[in-house]
Amino acid sequence: MSDQIRVRFAPSPTGYLHVGGARTALFNWLLARRTGGVFVLRIEDTDRERSSGEMTQAILDGMTWLGLTWDEGPFHQADGLDRHKGDVARLLEQDAAYRCFCTPEELNAKREQLKEEYRYDRACYHIPRDESERRAAAGEPFAVRFRVPEGETAWDDEVHGDTRFRNESIDDFIVLRTDGTPIYNLAVVSDDIHMRITHVIRGDDHIANTPKQILLYQAMGAAVPRFAHLPMILGPDGKRLSKRHGATAVGQYAEQGILPQAMNNFLALLGWNPGGDVEVMGMDELAERFSLERVNKKSAVFDTAKLEWMNGQHIALTPAEELLPLVAPVLVRDGLIAEAEVDTRREWLLRLVEELKIRGRTIHEIAGHARTYLVDEVEEYDEASVAKHWKNAADVDQRLADVREGLSGVDPWTPEGIDAALRAAADKAGVGFGKLAQPLRVALVGQAASPGIDFVVHTLGREGALRRIDRAREKLAAMQGP
RNA sequence: GCCCCGUUCGUCUAGUGGCCUAGGACAUGGCCCUCUCAAGGCCAAAACACGGGUUCGAUUCCCGUACGGGGUACCA
């Protein structure tokens, strides 16, 4: 029990859950699952101005959608304010930190003067303790700075290996603002100690924060956890992923018809590889295979094309029963079926989804393909298809007439019976099956691509199929002229 | 500027000194299957950033350069 791994995901609610955050959450979750550990969710809302409850909820929703359930929390960092202050007071007592009476204005002036060369000049470093306390008691405003010791700070990063910083390159950073609220690094360390976090897994943009945090752990007399710094996720242009690259919030992918398991699978492979050639995996297999050792150091480009391919793979693997609840709302929204029909026509819809699921990469594509089976007649005849397959209008018309007759007599109405009737019509016309199926396909769905022709006819139903054939023959007649 | 981190096909990656004529996947092109489409199968094209070392031998180890990224806040 004591060596149980405890990890946490600690987003700040200043925006939606974006793919980078989702990947970080996923890796934490995966490690917890893999090792029988605990996954803690903590909302880092110490920056009150930029945080909002709405965003907190959006993040929770995003994680729920992905299935990244947390074992403890969500905790709110702001709730730990008293503890954070207590920790700072202790640091002050131990002389590991000191009061800084420099005003932001003074600091800014120095910064402007020295530009990039700027380092805190430690003006308040040597103020004697009694004087410092006297000024504080007199009501003089102050912030609290951490007294960075001499030497070097190093850790064995789970993904980067040995990483070290000379302490002289680290400024005496502020841990408590003038208004008495803690700064990020202090709050994080205080919380991670409090929550007994054993492994800190986060983006590698935090590498430079790590030595500061380690120094804090040491000053607080706490055990330093293991650190794993994950590579960044980039846009197609190699720049850090941002809004201008398109969708970055996981919620947007949900809306685009991406399956959560596909999103997780894709994200898992961004910066980690399972070893072996299998790439399409469910959550269980991901958790089973996950290890920090196989996490990469190099930042990765988010490739939407591969995400969609992977989504198609997952859709194909998902039973129609699970897909229908996702497809149906889109059909209802588009006014193609009534809410009630989702139940009354369930079997018919399931057969349709089952047939279409290998033909679409997103839920919306599936719904799009379903459209033609749900409207009364062909909405648009694709020009190129008509030109190619209805070239000889008179012949086509004759074949459609034969098909119409054959279909009228099919009983029972099964794909097999339909197939037999169509083959008979082809034989009668003395042409290969394709020469019959293609013109017919254009007549039925308006284009030259669709699932198997017997499936199409069967799904349309006798009435629907005959009606469309009639319509096509009218169009054919018009094409032949008066 | 300074401090860190990184660099294998267009993209995600395998590779831990000889097994590499550098493997897989997406995307691309072709072929097969076939009533079309999709799926699937087969094939093709496509990469070790550069320069020095170390070594009998470097994609793999070391150093430098270039390029990219992160940090350098009383943001997180």
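For clarity, every value in this text was computed on a predicted model and none was experimentally measured.

**Considering the overall build of chain A**
Across its full length, chain A holds 20 helices and 12 strands. A compact globule built from 482 residues would reach a C-alpha radius of gyration of about 23 Å, whereas chain A, at 32 Å, exceeds it by more than 25%. Dimensions of chain A, computed from C-alpha atoms along their principal axes, come out at roughly 105 × 50 × 40 Å. Across the 482 residues of chain A, 49% fall into the buried class. Residue pairs at least 24 apart in sequence account for 75% of intrachain contacts in chain A once pairs closer than 6 positions are excluded. Here chain A displays about 23500 Å² of accessible surface, and carbon together with sulfur accounts for 48% of that area.

**Details of the sheet that holds strand S5 (residues 143–146)**
The strand order across the open sheet built from three strands is S4-S5-S8, with neighbouring strands paired in antiparallel fashion. The outermost strands of the open sheet, each flanked by one partner alone, are strand S4 (97–100) and strand S8 (174–176). For this sheet, the mean inter-axis angle between neighbouring strands, taken without regard to orientation, is 45°. Here four bridges tie S4 to S5, and the two strands are oriented antiparallel to one another. Bridge pairing in S5 places Arg99 opposite Val144.

**Notes on the packing of aromatic side chains**
Scanning the model with the defined rule gives 11 aromatic pairs in all. Ring centres of Tyr253 and Phe302 lie 5.7 Å apart, and the angle between their planes is 55°; on these two criteria the pair is classed as tilted. With Tyr253 in helix H8 (residues 250–255) and Phe302 in the loop between strand S12 (300–301) and helix H11 (304–317), the pair connects residues that are 49 residues apart, well separated along the chain. Take Tyr253 and Phe302: they sit in the same class, and that class is buried. Between Trp272 and Phe290 the ring centres are 5.4 Å apart and the planes differ by 40°, which places this aromatic pair in the tilted class. Residue Trp272 is located in the loop between helix H9 (260–268) and helix H10 (283–289), and its partner Phe290 is located in the loop between H10 and S12; the two are separated by 18 residues in the primary sequence. Since its relative accessible area comes to 1%, Trp272 is described here as buried. With relative accessibility at 1%, the residue Phe290 sits in the buried group. Taken together, the ring pairs connect Phe27, Trp272 and Phe290 into an aromatic cluster. Above the face of the Tyr118 ring, Arg111 is positioned so that its terminal group lies 4.8 Å from the ring centre. The aromatic ring of Phe101 is capped on one face by Arg135, whose charged end is 4.2 Å from the ring centroid.

**Focus on the confidence of the model for chain A**
Confidence in the prediction for chain A averages 93 pLDDT; 99% of positions are at 70 or higher. With a pTM of 0.93, the predicted complex shows an ipTM of 0.95.

**A word on the protein's contact with RNA strand B**
In the vicinity of RNA strand B there are 63 residues, among which Arg177, Thr178, Ile358, Arg361 and Arg441 approach most closely. Of all atoms in RNA strand B that approach within 4 Å of the protein, 68% are sugar or phosphate atoms. Take Val301: an N or O atom from its main chain is 2.9 Å from a phosphate oxygen of RNA strand B. Note that a sugar or linking oxygen of RNA strand B is positioned 3.2 Å from one of the side-chain N or O atoms of Lys306. For the surface near RNA strand B, the secondary structure elements donating two or more residues are helix H4 (104–114), strand S7 (161–166), S12, H11, helix H19 (433–445) and helix H20 (453–480). Counting residues per element, the surface near RNA strand B draws most heavily on H19, at five residues. Within the surface near RNA strand B, the residues separate by chemical class into 24 nonpolar, 17 polar and 22 charged.

**What to know about the packing of H19 against H20**
Closest axis-to-axis distance for the H19/H20 pair is 9 Å, and the angle between their directions is 70°. Between H19 and H20, the interaxial angle falls into the category roughly perpendicular. Between H19 and H20 lies a crossing of left-handed hand. On the side of H19, the interface is formed by Phe433, Ala437, Leu440, Arg441, Ala443, Leu444 and Val445, while H20 contributes Ile453, Val456, Val457, Leu460, Ala465, Arg468, Ile469 and Ala472. Classifying every residue of the contact of H19 with H20 by side-chain character gives 13 nonpolar, no polar and two charged.

About the criteria used
- Residues numbered from 1 in each chain as written.
- Chains lettered and ligands numbered in written order.
- Predicted model: local features only at pLDDT ≥ 70, side-chain atom pairs only at ≥ 80, totals over all residues.
- Heavy atoms only, no water.
- Helix = DSSP H or I, 4+ residues; strand = E, 2+ residues; numbered from the N terminus.
- Rg over C-alpha atoms; globule rule 2.2 N^0.38 Å.
- Buried < 20%, exposed > 50% of the residue type's maximum accessible area, 1.4 Å probe, protein only.
- Contact = heavy atoms within 4.5 Å.
- Areas by Shrake-Rupley, 256 points an atom, 1.4 Å probe, with all protein chains shown as cover.
- Pairing = 2+ DSSP bridges.
- Axes fitted to C-alpha atoms, helices over the stretch in contact; angles between N-to-C directions.
- Phe/Tyr/Trp six-rings, centres within 6.5 Å; stacked < 30°, edge-to-face > 60°.
- Lys NZ or Arg CZ within 6 Å of the ring centre and 35° of its normal.
- pLDDT = per-residue confidence, 0-100.
- Near = heavy atom within 4 Å.
- Polar contact = N/O pair within 3.5 Å; in protein donor to acceptor, adjacent residues only side chain to side chain.
- Nonpolar A, V, L, I, M, F, W, Y, C, P; charged D, E, K, R; others polar.
- Parallel < 35°, antiparallel > 145°, perpendicular 65-115°, else oblique.
- Left-handed = near helix turned anticlockwise from the far one by under 90°.

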